[in-house]
Amino acid sequence: MEKRIGCVLILIENNEQVSRLNEILSNHSSIIIGRQGIPLRDRQLSVISLVLEGTTDEIGSLTGQTGRLKGVKVKSVLGK
């Protein structure tokens, strides 16, 4: 399957999910090119942006597992 470049934005509204989220990201570390985390403490919100290179199945696995976490929102954009 063809590898694609993509960006994923993760909004964390529930800090109780952070350890599970980090576990998911570690399990997909082979497709993560870059990661940036920004805590917005005054809004009780954290933002993580990822740059990925992987197949659509690999990227879909990461976003699917992440999106099922309560209080976590995920959006992704894929290029060719």
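Structure report, in brief. Being a predicted model, the structure only gives us computed values, none of them experimental.

Focus on the pattern of salt bridges
Scanning the entire structure with this criterion turns up 2 salt bridges. Among the salt bridges present, the one from lysine 73 reaches glutamate 13, with a minimum N-O distance of 3.8 Å. With lysine 73 in strand 4 (residues 72–78) and glutamate 13 in the loop between strand 1 (4–12) and helix 1 (18–27), this residue pair connects regions lying 60 residues apart in the sequence. Among the ionic pairs, glutamate 23 bridges to arginine 20, the shortest N-O distance being 3.1 Å. On the criterion of helical spacing, the pair formed by glutamate 23 and arginine 20 is a turn pair, its members being 3 residues apart in helix 1. On the basis of relative accessibility, which here comes to 33%, the residue arginine 20 falls in the partly exposed class.

A word on helix 1
Three or more residues of helix 1 are buried, namely Leu21, Ile24 and Leu25. End-on view of helix 1: buried residues confined to an arc of 95 degrees, all on one side of the axis. Those residues of helix 1 that are exposed and aimed more than 90 degrees away from the buried face are Ser19 and Asn27. Here the buried face of helix 1 lies against strand 1, strand 2 (32–40), strand 3 (45–54) and helix 2 (56–67).

Remarks on the sheet that holds strand 1
Here we have 4 strands laid out as an open sheet, ordered 2-3-1-4, and antiparallel in their pairing. Looking at the sheet topology across the chains shown, the edges are occupied by strand 2 and strand 4. Neighbour to neighbour, the strand axes of the sheet diverge by 15 degrees on average, direction disregarded. The pairing of strand 1 with strand 4 spans 7 bridges and is antiparallel. Looking across to strand 4, one finds that cysteine 7 is bridged to valine 77. Of the strands in this sheet, strand 1, strand 2 and strand 3 are in contact with helix 1, which crosses strand 1 at around 170 degrees. Contacts between helix 2 and the sheet are confined to strand 1, strand 2, strand 3 and strand 4, with strand 4 contributing the most and set at about 160 degrees to the helix.

Thoughts on the side chain of histidine 28
Within the secondary structure layout, histidine 28 lies in the loop between helix 1 and strand 2. Classification of histidine 28 as buried rests on a relative accessible area of 10%. Among the polar contacts listed, one links the side chain of histidine 28 to the backbone oxygen of isoleucine 24, at a separation of 2.8 Å. Apart from residues lying up to four places away in sequence, histidine 28 is in contact with Glu58, Ser61, Leu62 and Gln65.

About the criteria used
Residues numbered from 1 in each chain as written. Predicted model: local features only at pLDDT ≥ 70, side-chain atom pairs only at ≥ 80, totals over all residues. Heavy atoms only, no water. Salt bridge = Lys/Arg side-chain N within 4 Å of Asp/Glu carboxyl O. Helix = DSSP H or I, 4+ residues; strand = E, 2+ residues; numbered from the N terminus. Buried < 20%, exposed > 50% of the residue type's maximum accessible area, 1.4 Å probe, protein only. Arc of directions from axis to C-beta. Contact = heavy atoms within 4.5 Å. Pairing = 2+ DSSP bridges. Axes fitted to C-alpha atoms, helices over the stretch in contact; angles between N-to-C directions. Polar contact = N/O pair within 3.5 Å; in protein donor to acceptor, adjacent residues only side chain to side chain.

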